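Listed here are the chains, written in short residue letters.
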Amino acid sequence: MKGILAFTIGMILWASIFYHFVEGWSWLDSIYFSVVTISTVGFGDFSPETAAGKIFTMVYIIVGLGVFVTAATTVADTILSQDDEKADK
């Protein structure tokens with residue numbers, strides 16, 4: 001579980017660094033957009049303006065969605081297995 005969570009956080013940080021330097025966004029805006037995008041919330045208040053930003057975002061969504069779903073599933077499975085262990089005792 002720690003590995004997939006670390007990978008997910010790494011992807012968010014990697015994307016945030018990209019958006020900060022390529023799109024010129026603040027660190028907060030870059031992190032916010034990275035989290036909103038990978039979690040598929042997509043409020044639409046920010047969007048990449050550069051061609052590089054748009055291409056990166058398309059790849060980030062495709063790869064990030066799988067990673068985010070895997071991380072969420074892993075966390076849920078861990079929580080549920082702990083509840084099952086407590087119920088068996």
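Structure: above.
Note that this is a predicted model, so its numbers are computed, not measured.

*Asks:* Teacher, can you tell me more about the packing of aromatic side chains here?
*Replies:* Aromatic rings in a pair are described by how distant their centres are and how their planes are angled relative to each other. For the structure shown, the criterion picks out 12 aromatic pairs. Ring centres of Phe18 and Tyr19 lie 5.6 Å apart, and the angle between their planes is 80°; on these two criteria the pair is classed as edge-to-face. Relative to Tyr60, the ring of Phe56 has its centre 5.9 Å away and its plane inclined at 10°; by these criteria the two rings are stacked. In this pair, Phe56 and Tyr60 are both assigned in helix α3 (residues 51-88), four residues apart and thus about one turn of the helix distant.

*Asks:* I tried to follow helix α1 (residues 2-23) on my own but got confused; where do I start?
*Replies:* One full turn of an α-helix is made of 3.6 residues, so residues set three or four places apart face in the same direction. End to end, α1 covers 31 Å across 22 residues, agreeing with the expected 32 Å (1.5 Å per residue, within 8%). For α1, the full list of buried residues reads Thr8, Met11, Ile12, Ala15, Ser16, Phe18, Tyr19, His20 and Glu23. Phi turns positive one or two residues past the end of α1, at Gly24, with a value near 75°.

What counts as what
Residues numbered from 1 in each chain as written. Predicted model: local features only at pLDDT ≥ 70, side-chain atom pairs only at ≥ 80, totals over all residues. Heavy atoms only, no water. Phe/Tyr/Trp six-rings, centres within 6.5 Å; stacked < 30°, edge-to-face > 60°. Helix = DSSP H or I, 4+ residues; strand = E, 2+ residues; numbered from the N terminus. Expected span 1.5 Å × (residues − 1). Buried < 20%, exposed > 50% of the residue type's maximum accessible area, 1.4 Å probe, protein only.

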